[in-house]
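# Observations on the model geometry
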Amino acid sequence: MQFTPQINQILNQLEKIQSFNAQNPLDDTRKYLETMCLQLSGKKEPVTMIEELNIPKENHQIPIRIYRPKGKTAHKSSAIIYVHGGWFIAGGYETHDAVVRKLANKTGSVIIFVDYRLAPEHPFPAGLNDNIDAVKWVIDHADSLGIDQNQIGIIGDSAGGALSTAVSTEIGELLKFQVLIYPAADNTFTSNSWKVYENGPVLNKEGGIQAWNWYLPADQANNPLAIPVLLKNFKKTPPTLVILAEHDPLVDDGKELADHMENAGVTVKKSFYNNMVHGFMHMGEVLNETQSAINEMSEFAHQNFKMSTEKQL
């Protein structure tokens, strides 16, 4: 397969990231993702105001980080919930900080990043429950947060795309849109793109199988809320943008999920990024496509917030 000079530059850099803890694959995966994002995301944009809060639950708290591009002066701001990727086992504030800052500044919306519980310490459905609870909490506390509860969307990348799909399936009537960035929609690894890209770049089948085994308990093996391609009911799903990367083992699974939504009557826009690899949203130091995708998501958000406002009038 042929990669562009920029992608080859990135892949050469990724090869130089040494194993941190070969005896502990979980720790190794988490640190690898952090290092990749730190090295390739580029300079972080300043955001007017950033807050961190904890959503109280019965037996734990859900940390959230709130990005306010207009500070607290904006009343009744639109808002976007961000659900991060990392194979359900990695990722957090720092891995996605650069991407979320770009989104906040470009959209002008308040971005609420959910630092949900990760597997294997907290397998499915813990992370999904945290994200559903976070959306409901934001809506319940919209006034005190300075947010318009009728102007909220959701964005998820990779594993976060799978979680966002499940959130919108359950409570999508509360959301004006969703964006799925190269979603991890299936756990069978049988697609043609998985056969082509079994050994990468960026993702590989062995690591994917391990991650799903950590994430999904045996008694949940066929739960559509964990495995989005099994979903049948999209009645609550809002208009959806699906961003796909050409050289990504997840690309065929993402297309299949988008087709299922479209066939169910959901308004779906599929956007295919030629020459891109999985995780290209974290590669803004080298790739112009990172900002192109930010721009596209911002336009999609604005269109759907505007349509919602017009319907209310």
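In this report, the structure presented in the accompanying data block is examined. (Residues numbered from 1 in each chain as written. Predicted model: local features only at pLDDT ≥ 70, side-chain atom pairs only at ≥ 80, totals over all residues. Heavy atoms only, no water.)

Tallying secondary structure elements over the chain gives 10 helices and 8 strands in all. Here the C-alpha coordinates of the chain stretch approximately 50 × 40 × 40 Å along the principal axes. Per-residue burial for the chain yields a buried fraction of 56% across its 313 residues. Summarising the internal contacts of the chain: among those between residues at least 6 apart in sequence, 74% fall at separations of at least 24. Roughly 13500 Å² of accessible area belongs to the chain as shown, and the carbon and sulfur atoms make up 46% of that amount. Side-chain charges of the chain comprise 27 positive and 36 negative groups, with the mean position of each set lying 5 Å from the other. (Helix = DSSP H or I, 4+ residues; strand = E, 2+ residues; numbered from the N terminus. Buried < 20%, exposed > 50% of the residue type's maximum accessible area, 1.4 Å probe, protein only. Contact = heavy atoms within 4.5 Å. Areas by Shrake-Rupley, 256 points an atom, 1.4 Å probe, with all protein chains shown as cover. Lys, Arg positive; Asp, Glu negative; His and termini not counted. Charge placed at Lys NZ, Arg CZ, Asp CG, Glu CD.)

Residue pairs three or four apart in sequence face the same way in an α-helix, which turns once every 3.6 residues. Taken together, the buried positions of helix H8 (residues 205–215) are occupied by Gly208, Ala211, Trp212 and Tyr215. Buried residues along H8 cover an arc of 95° about the axis, so they all sit on one side. Looking at H8, the residues exposed on the side facing more than 90 degrees away from the buried face are Glu206 and Asn213. On its buried side, H8 packs onto helix H6 (159–171). If you check the start of H8, you find a side-chain oxygen 3.3 Å away from the backbone N of glutamate 206, and it comes from asparagine 204. (Arc of directions from axis to C-beta. Polar contact = N/O pair within 3.5 Å; in protein donor to acceptor, adjacent residues only side chain to side chain.)

Right, let's get into helix H4 (residues 126–140). Under the 1.5 Å per step criterion, the end-to-end length of H4 is 21 Å for 15 residues, consistent within 8% with the ideal 21 Å. The buried fraction of H4 is high, at 11 of 15 residues. (Expected span 1.5 Å × (residues − 1).)

In this structure, the largest pocket occupies an estimated 810 Å³ of space. Taken together, 34 residues line the largest pocket, and the ones lying closest to its centre are Thr29, Tyr32, Val202, Leu203 and Asn204. In the lining of the largest pocket, the residues fall into 16 nonpolar, 14 polar and 4 charged. (1 Å grid on protein atoms, 1.4 Å probe; cavity = no way out; pocket = protein on both sides within 12 Å on 5 of 7 lines; lining within 4 Å. Points joined across faces, edges and corners; volume = space filled by probe spheres on them. Nonpolar A, V, L, I, M, F, W, Y, C, P; charged D, E, K, R; others polar.)

With 6 of 8 residues buried, strand E2 (residues 61–68) is to be regarded as a mostly interior element. Taken together, the 8 bridges between strand E1 (residues 49–56) and E2 define a ladder with antiparallel strand orientation. Residue pairing for E2: isoleucine 55 is matched across the bridge by isoleucine 62. Counting the residues in the hairpin turn of E1 and E2 gives 4 residues. As paired elements, E2 and strand E4 (residues 110–114) share 4 bridges and run antiparallel to each other. Across the sheet, isoleucine 66 pairs through a bridge with isoleucine 112, a residue of E4. (Pairing = 2+ DSSP bridges.)

The next point concerns the sheet that holds E2. The strands making up a sheet associate through backbone hydrogen bonding, with each pair oriented either parallel or antiparallel. Pairing is mixed across the open sheet formed by 8 strands, whose spatial order is E1-E2-E4-E3-E5-E6-E7-E8. Whereas interior strands pair on both sides, the edge strands pair on one side only; in this sheet they are E1 and strand E8 (268–277). Sheet twist, expressed as the mean angle between neighbouring strand axes with direction ignored, is 20°. As defined by bridge partners, strand E7 (residues 240–247) adjoins E8 across 7 bridges and the pair is classed as parallel. Bridge pairing links leucine 244 to phenylalanine 272 in E8. Its contacts with the sheet place helix H3 (residues 93–107) against E1, E2, strand E3 (77–83), E4 and strand E5 (147–157), and it is angled at close to 40° to E2. (Axes fitted to C-alpha atoms, helices over the stretch in contact; angles between N-to-C directions.)

With respect to the secondary-structure elements, threonine 107 resides in helix H3. Judged by its relative accessible area of 7%, threonine 107 is buried. A polar atom in the side chain of threonine 107 sits 2.6 Å from the backbone oxygen of leucine 103. When residues no more than four places from it in sequence are discounted, the contact partners of threonine 107 are Ile80, Ser298 and His302.

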